[in-house]
Amino acid sequence: MRGIASNVASVSASGIRRFFDIVADMKDVISLGVCEPDFVTPWRLREACVFSLERGRTNYTSNWGLLSLRKLISGHLKSLYGVDYQPEDQILVTVGVSEALDLALRAVVDPGDEVIVFEPCYVSYAPCVTFAGGTPVRIPTFAEDGFLPRLDDVRAALTPRTKAILLSYPNNPTGATAGREFLKELVEIARDADCYVISDEIYDRLTYVGTHTCVSSLEGAAERTILLNGFSKAYAMTGWRIGYAAAPPDVAEAMMKIHQYVALCAPITAQEAAVEALNAGEQSVREMKTEYNRRRRLIVKRFNEAGLKCGDPGGAFYAFPSVKETGLTSEEFAERLLYEKKVVVVPGGAFGECGEGYVRAAYATSLDRIEEAMARVAELVASLPGTAGDT
Ligand SMILES: Cc1ncc(COP(=O)(O)O)c(C=O)c1O
């Protein structure tokens, strides 16, 4: 009997895609919609790949990934966060954080298990839980709490079937960051419930306010934490498809088993670039971060000046202003901004129901383009009845 599997059919396509399809046919559009750096991968990293290809490095690697890369990742995590992961059996090199997330979920979720996700969140979390046979349990977060979940809501959502809590700070789409004390309490909740914590820390290096806390570094966390990270954001390497997971040995082994059968290994050329990134990419990370921070300050200021309330995103490269003041839904606002002013933002509802009333604006584009885009945003807002511009 033919038919798409019900756990695949039940998931709808990403709400982001529709906007990108429209934009593809339009000219002079400024996109604040993308979720990738506008920077090209630093030359030194690209050059390392050219050399690696010249040397004929075109083979499969170990399923775990190059040992040299895993050793570097281990040293990198130790020096940044003081955490200990053995390169031999605790670090798995993956095809981006995307694959690492899928492997983590499939490694620990049994049919019917529940995974807690905090919304708004990265579009793939709930679908990947469903694909793994689990049930996403969505906890809304709110601007007035800095888009951090209320811990009582987390406690109330726990059931005997809770297998993991999935979180990501700095956050896509809100830019929210989580402090040490908050994360400590969350880990305690996970410990009491004896569930895993899957922590996607892909934006860790893009933290502008305070310092990033790696969840595994917290007391009692490492034994239950599956740490996901990668090279896409900090090193501007989205197209290379390279990331990693660091986990307790039994979980890492289970993830490797799936990876071995479905992907074999991450591409060797990308692994070579990642080696160079960890050996020599630090200066570039700092420079890009400085530039993002400039843009962050500008975009937040401009949204607020335009009458759209926008909190201070502590990390990643997204602003998440409210459009409630306009009387439009976020979808209506994004459509009008696109058709009337040729600026792309993503409606907040794409990241979970509680994202309604907000839009995500990525500041992964130049300061000039941001200035121009925000002038157009201000024009649109001023033209709408019921907003500051109307008075
Ligand atoms: C929170 C988050 N996790 C994971 C990913 C995917 O990362 P990768 O390119 O490493 O697959 C993204 C991409 O936007 C993201 O925002």
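Calculation rules
Residues numbered from 1 in each chain as written. Predicted model: local features only at pLDDT ≥ 70, side-chain atom pairs only at ≥ 80, totals over all residues. Heavy atoms only, no water. Near = heavy atom within 4 Å. Polar contact = N/O pair within 3.5 Å; in protein donor to acceptor, adjacent residues only side chain to side chain. Areas by Shrake-Rupley, 256 points an atom, 1.4 Å probe, with all protein chains shown as cover. Helix = DSSP H or I, 4+ residues; strand = E, 2+ residues; numbered from the N terminus. Phe/Tyr/Trp six-rings, centres within 6.5 Å; stacked < 30°, edge-to-face > 60°. Buried < 20%, exposed > 50% of the residue type's maximum accessible area, 1.4 Å probe, protein only. Pairing = 2+ DSSP bridges. Domains from an automatic or database assignment. Contact = heavy atoms within 4.5 Å. Buried area = accessible area lost by both parts, 1.4 Å probe. Salt bridge = Lys/Arg side-chain N within 4 Å of Asp/Glu carboxyl O. Axes fitted to C-alpha atoms, helices over the stretch in contact; angles between N-to-C directions. Parallel < 35°, antiparallel > 145°, perpendicular 65-115°, else oblique. Left-handed = near helix turned anticlockwise from the far one by under 90°. Nonpolar A, V, L, I, M, F, W, Y, C, P; charged D, E, K, R; others polar. Expected span 1.5 Å × (residues − 1). Arc of directions from axis to C-beta.

Peer 1: Hey, could you go over the site of the ligand for me, with residue numbers and the actual values?
Peer 2: Looking at the ligand, there are 14 residues lining it, with Ser98, Asp200, Ser232, Lys233 and Arg241 nearest. Between a nitrogen atom of the ligand and a side-chain N or O atom of Asp200, the distance comes to 2.6 Å. For the ligand, whose free accessible area comes to 400 Å², the fraction covered by protein is 95%. The element that contributes the greatest number of residues to the shell around the ligand is helix 5 (residues 96–108), accounting for three residues.

Peer 1: Provide a residue-level description of the packing of aromatic side chains, including the pertinent values.
Peer 2: Two measures describe an aromatic ring pair: the distance that separates the ring centres and the angle between the ring planes. Throughout the structure, instances matching the rule amount to 12 aromatic pairs. For the pair Phe147 and Phe320, a centre-to-centre distance of 5.5 Å together with 80° between the ring planes defines the contact as edge-to-face. With Phe147 in the loop between strand 4 (135–140) and helix 7 (151–157) and Phe320 in the loop between strand 9 (318–319) and helix 12 (330–341), this residue pair connects regions lying 173 residues apart in the sequence. Residue Phe320 is classed as buried on the basis of its relative accessible area of 4%. Aromatic ring contacts, followed pair by pair, group Phe39, Tyr203, Tyr292, Phe317 and Tyr318 into a single cluster.

Peer 1: How would you sum up the sheet that holds strand 12 (residues 359–362)? Please name residues and give values.
Peer 2: Strand pairing in a sheet is mediated by backbone hydrogen bonds. Such pairs are either parallel or antiparallel. An order of 9-12-11 is seen for the three strands of this open sheet, with the pairing classed as antiparallel. Two strands lie at the open edges of the sheet, namely strand 9 and strand 11 (346–347), each paired on one side alone.

Peer 1: Talk me through the domain arrangement of the protein; I want residue IDs and the actual numbers.
Peer 2: Partitioning the protein into domains gives domain 1 (6–41 + 283–386) and domain 2 (58–281). Contacts between the two partners involve 38 residues from domain 1, matched on the other side by 34 residues from domain 2. With both sides pooled, the region where domain 1 packs onto domain 2 buries about 2900 Å², and carbon together with sulfur makes up 64% of that total. Inspection of the domain 1/domain 2 interface yields zero salt bridges.

Peer 1: Give a description of the packing of helix 12 against helix 13 (residues 367–383) that names residues and reports values.
Peer 2: Their axes nearest at 10 Å, the elements helix 12 and helix 13 cross at an angle of 115°. Taken together, the axes of helix 12 and helix 13 lie roughly perpendicular to each other. Regarding helix 12 and helix 13, the two cross each other, and that crossing is right-handed. Between helix 12, through Phe333, Arg336, Leu337, Glu340 and Lys341, and helix 13, the contact on the second element is made entirely by Arg376, Val377, Glu379, Leu380 and Val381. Here the residues of the contact of helix 12 with helix 13 are counted per class, giving five nonpolar, no polar and five charged.

Peer 1: Lay out the pattern of salt bridges with the relevant residues and their values.
Peer 2: Enumeration over the complete set of coordinates arrives at 26 salt bridges. For Glu305, the salt bridge goes to Arg302, with nearest N and O atoms at 3.0 Å. Taken together, the residues span about one helical turn, with Glu305 and Arg302 both in helix 11 (residues 282–305) at a distance of three residues.

Peer 1: Let's hear about the sheet that holds strand 7 (residues 225–230): which residues, and what values?
Peer 2: Spatial strand order, 2-8-7-6-5-3-4: seven strands in an open sheet with mixed pairing. The open sheet terminates on both sides in strands that have one partner only, identified here as strand 2 (91–94) and strand 4. Taken over all neighbouring pairs, the strand axes of this sheet differ in orientation by 20° on average, direction set aside. Contacting strand 2, strand 7 and strand 8 (243–246), helix 4 (residues 67–81) crosses the sheet at an angle of about 115° to strand 2. Each of strand 2, strand 6 (196–200), strand 7 and strand 8 touches helix 9 (residues 249–262); the most contacted strand, strand 2, lies at about 30° to it.

Peer 1: An account of helix 3 (residues 43–54) is needed here, citing residue identities and associated values.
Peer 2: In this model, helix 3 (12 residues) spans 16 Å end to end at C-alpha, consistent with the 16 Å of a helix rising 1.5 Å per residue. Among the residues of helix 3, Leu45, Ala48, Cys49 and Ser52 are the ones counted as buried. In an axial view of helix 3, the angular spread of the buried residues amounts to 100°, which keeps them on one side of the axis. Lining the buried residues of helix 3 we find helix 10 (268–280).

Peer 1: Go over unusual backbone geometry, please, and point to the residues and values.
Peer 2: Tyr169 connects to Pro170 through a cis peptide bond whose omega is -5°. Mapped onto the fold, Pro170 is located in the loop between strand 5 (162–167) and helix 8 (180–193). At the junction of Asn172 and Pro173, the peptide bond is cis and its omega measures out at 20° in the coordinates. Position of Pro173 relative to the elements: it lies in the loop between strand 5 and helix 8. Despite not being glycine, Phe147 has its phi angle at roughly 55°, a positive value. Even without being glycine, Asp194 reaches a positive phi, approximately 50°. Mapped onto the fold, Asp194 is located in the loop between helix 8 and strand 6.

Peer 1: I'd love a proper account of the pairing of strand 8, names of residues and values included.
Peer 2: Taking every second residue as pointing to the same face, both faces of strand 8 are buried, with Gly243 and Ala245 on one and Tyr244 and Ala246 on the other. Sheet topology places strand 2 next to strand 8; four bridges connect them, and they run antiparallel. In the sheet register, Ile91 faces strand 8, and the bridge partner there is Ala246. For strand 7 and strand 8, the ladder comprises four bridges, and the chain directions are antiparallel. Bridge pairing links Leu228 to Ala245 in strand 8.

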